Amino acid sequence: MITATQQLTDEEFAAFRDLIYREAGISLSPAKRTLVASRLAKRLRQLNMDSYAEYYEFVVREGNRSDEHQQMINCITTNKTEFFREPHHFDYLRQRLIPQMAANPVRRTLRIWSAGCSTGEEPYTIAITVLEALGVSHDWDVRILASDIDTEVLAKAEAGMYPLESLETLSESIKRKYFLRGSGSLNGMCRVRPEVQRMIDFRRINLIEDSWPLRTTFDMVFCRNVLIYFDRPTQERLVQRFSDRLNPEGHLFLGHSENVAWLATHLAALGNTIYRLRPGARGTPKPTAVMMSSLADVPRKLPPSAPAVVRMERPVTAGEVYVTNKPAVIHARIDRGVSACVYDPEAGVGGMNHILLPGGSSQDPTQFGVPAMERLVAETVRIGGNRSRLRAKLVGAPELESHSAEARDTGRQIAEFIRQWMTEARIPIEGERLGGKQPLDVRFFPQTGRVRLEPATMPDQAAPNQD
Ligand SMILES: C[S@@+](CC[C@H](N)C(=O)[O-])C[C@H]1O[C@@H](n2cnc3c(N)ncnc32)[C@H](O)[C@@H]1O
């Protein structure tokens, strides 16, 4: 049985150190030998093992996708965190950043990533700060992604249950507004209110993995007190990748000791380890092909004899997004690409986009897809839709004889991108009509959500599909 930490030999420490570096990017100096020994000792005791060598062999034998690798990582990570840790970041968010964003009358979406969220205090603090800045009855579409490599802390984060002492530094008003006090068996505990929890999606993401399973870009990334565990090349790569995930003028928040002023080329240091993506720097470029308008913005003359309810037909061409709260028909002729239709059946509002990738299947669909989806949803909400009621339909990606294999692939890729985006946005897809051998005339009735499809090149043929 393991009792003393000195039983971890230099060779064993080196073997674990290399494994942990490969798996989690965590860089352990020789000074961390005692720490590693004591953290692994806990796991050895659970498994009733006598030596570190035996445990090492067990971990390696289990393979790198096994639960034991995860258990080992869970033992090794340092998870210290607290509510409103480094409070100047949240002051900046509430007093400067969100009011600046809110000054833009069209902008109503907010995407934030807490990367390395530990037991959840950070993403909950972000959510509370957003609510304090926007007001609890705001009409914004706010989503916070909270991720960590450690599944144990992630489960605690998702549960949102904390000892009352962890709220000690919070004002009475914040406690009352955003927490519920436990009673009975939960005496001495508090729980984050469900409306705050609902703003957050929790996911296991290993930051050093080559590709992150994400289909969105962010206005803010908080990766605080995580980079300190990585070596300089890993830090550089991560800061670069976070920058690529930021929307134009997006912000990166790091921990107090994680100064990356050496990355001055694409991040402007604002002080207090807050960085803003420089204009034209390496973040995801804003596509120029996406234009947006809404019927309310476009003056239309009706014939003098027009009846009270007139369905105006509004074409949406590739790259456009169009939403309306009027009795209109939105029309797209699709011979490649995909249109997403979104509507709120109760409010009778909705819209459609038409996504194409000018660069073909080699182009990342997020570049044009994310703004096209975000604008579609944000505008639908802005003109009266309720986000939680939104429904979607997908149409397009025809595979014409004349299409190259690449063009067919592109259509499928866009469709897959939209599906994943909708899943992350929790908007149910009610129907799909994808593929087929003909270009389509799509007519979407946003008031009811009905889609009418006709083959575009054979106007005499009967409609193949209606729903
Ligand atoms: C000290 S906590 C920071 C928590 C919070 N961000 C804060 O500042 O209060 C560091 C977190 O980074 C996580 N972490 C370490 N390596 C990681 C990796 N490769 N990918 C994702 N998260 C990682 C750990 O599990 C831990 O929960």
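Reading guide: rules and limits
Residues numbered from 1 in each chain as written. Predicted model: local features only at pLDDT ≥ 70, side-chain atom pairs only at ≥ 80, totals over all residues. Heavy atoms only, no water. Pairing = 2+ DSSP bridges. Helix = DSSP H or I, 4+ residues; strand = E, 2+ residues; numbered from the N terminus. Axes fitted to C-alpha atoms, helices over the stretch in contact; angles between N-to-C directions. Contact = heavy atoms within 4.5 Å. Buried < 20%, exposed > 50% of the residue type's maximum accessible area, 1.4 Å probe, protein only. Near = heavy atom within 4 Å. Polar contact = N/O pair within 3.5 Å; in protein donor to acceptor, adjacent residues only side chain to side chain. Areas by Shrake-Rupley, 256 points an atom, 1.4 Å probe, with all protein chains shown as cover. Salt bridge = Lys/Arg side-chain N within 4 Å of Asp/Glu carboxyl O. Core = buried A, V, L, I, M, F, W, Y, C linked by side-chain atoms within 4.5 Å. Domains from an automatic or database assignment. Parallel < 35°, antiparallel > 145°, perpendicular 65-115°, else oblique. Left-handed = near helix turned anticlockwise from the far one by under 90°. Nonpolar A, V, L, I, M, F, W, Y, C, P; charged D, E, K, R; others polar. Expected span 1.5 Å × (residues − 1).

Moving on: the sheet that holds strand S9 (residues 267–271). Here 7 strands make up an open sheet; going across it, the order is S6-S2-S1-S7-S8-S10-S9 and the pairing mixed. The open sheet has two free edges, formed respectively by strand S6 (200–204) and S9, since each of these has just one partner strand. In this sheet, neighbouring strand axes are inclined to one another by 20° on average, regardless of whether the strands run parallel or antiparallel. Bridging between strand S1 (residues 109–115) and strand S2 (residues 141–148) involves 7 bridges; their strand directions are parallel. When the bridges of S2 are listed, isoleucine 112 appears paired with isoleucine 144. On the sheet, helix H5 (residues 88–102) packs against S1, strand S7 (218–223), strand S8 (246–254), S9 and strand S10 (274–277) and is oriented at approximately 175° with respect to S7. Contacting S2 and S6, helix H7 (residues 151–159) crosses the sheet at an angle of about 165° to S6.

Phi at serine 118 is positive, roughly 55°, even though this residue is not glycine. Within the element layout of this structure, serine 118 appears in the loop between S1 and helix H6 (121–134). For serine 118, a relative accessible area of 5% puts it in the buried group. Even without glycine at this site, glutamate 249 takes up a positive phi of about 65°. Position of glutamate 249 relative to the elements: it lies in strand S8.

Moving on to the site of the ligand. Around the ligand, 22 residues are found, and the nearest of them are Ala24, Thr81, Gly116, Asp148 and Asn225. The separation between an oxygen atom of the ligand and a polar side-chain atom of asparagine 79 is 2.9 Å. At 2.8 Å from a nitrogen atom of the ligand is found a main-chain nitrogen or oxygen belonging to glycine 116. Burial of the ligand by the protein amounts to 99% of the accessible area it has alone, namely 600 Å².

The subject of this paragraph is the side chain of histidine 89. Inspection of the secondary structure puts histidine 89 in helix H5. A residue is classified by how much of its surface remains accessible, and histidine 89, at 0% relative accessible area, is buried. A polar side-chain atom of histidine 89 sits 3.4 Å from a polar atom in the side chain of threonine 273. Sequence-distant contacts of histidine 89, defined by excluding residues within four places in its chain, comprise Phe222, Arg224, Phe253, Leu254, Asn272, Thr273 and Ile274.

To continue, consider the pattern of salt bridges. Under the counting rule described, the total for this entry stands at 26 salt bridges. Notably, a salt bridge pairs arginine 333 with aspartate 441, separated by 2.9 Å at the nearest N-O pair. Of this pair, arginine 333 sits in strand S14 (residues 328–334) while aspartate 441 sits in strand S19 (residues 440–445); the two residues are 108 residues apart in sequence, bridging distant segments of the chain. On the basis of relative accessible area, arginine 333 is assigned to the exposed category, the value being 51%. Counted as one network, the salt bridges with shared partners bring together Arg111, Asp141, Glu374 and Arg387.

Let's shift gears to the environment of isoleucine 334. Relative to the assigned elements, isoleucine 334 resides in strand S14. What makes isoleucine 334 buried here is its relative accessible area of 0%. On a C-alpha basis, the gap between isoleucine 334 and leucine 356 in space is 9.9 Å, while along the polypeptide they are 22 residues apart. Among all residues touching isoleucine 334, those that are not within four sequence positions of it are Ser339, His354, Val395, Gly396, Pro398, Pro439, Leu440 and Val442.

Overall, antiparallel pairing links the 3 strands, which are arranged S3-S5-S4 in an open sheet. With partners counted over all chains shown, the strands left at the sheet margins are strand S3 (161–163) and strand S4 (179–181), one partner each. Each strand of the sheet is rotated relative to its neighbour by a mean of 35°, with strand direction disregarded. As judged from the 3 bridges shared by S3 and strand S5 (residues 189–192), these two strands associate in the antiparallel manner. Bridge assignment links tyrosine 162 to a residue of S5, and that residue is cysteine 190.

Turning our attention to the nonpolar core. Soluble globular proteins tend to pack their nonpolar side chains together in the buried interior. One finds Leu40, Tyr55, Met72, Trp113, Leu207, Phe242 and Leu252 to be the most contacted residues of the largest nonpolar core, which totals 46 residues. Mapped onto the domain boundaries, this core takes at least three residues apiece from domain 1 (5–76) and domain 2 (88–277). For leucine 252, the residues in contact, after removing those within four places along its chain, are Val221, Val239, Phe242, Leu246, Leu267, Thr273, Ile274 and Tyr275. Listed in part, the 39 residues of the second largest apolar core include Cys117, Leu170, Ile174 and Met199.

Attention shifts here to the packing of helix H2 (residues 33–47) against helix H4 (residues 67–76). Orientation of H2 relative to H4, taken along the N-to-C sense of each, is 135°, at an axis distance of 8 Å. On the basis of the axis angle, H2 is oblique to H4. Seen from above, H2 lies across H4 with right-handed handedness. On the side of H2, the interface is formed by Val36, Arg39, Leu40, Arg43 and Leu47, while H4 contributes Glu68, Gln71, Met72, Cys75 and Ile76. Partitioning the contact of H2 with H4 into residue classes produces 6 nonpolar, 1 polar and 3 charged.

Looking now at helix H11 (residues 366–382). An ideal rise of 1.5 Å per residue puts 24 Å on 17 residues; H11 measures up with 23 Å between its terminal C-alpha atoms. With 14 of 17 residues buried, H11 lies mostly within the body of the structure. Count one or two residues on from H11 and you reach glycine 384, which has phi positive near 125°.

By themselves, these figures tell us nothing about what the structure is for.
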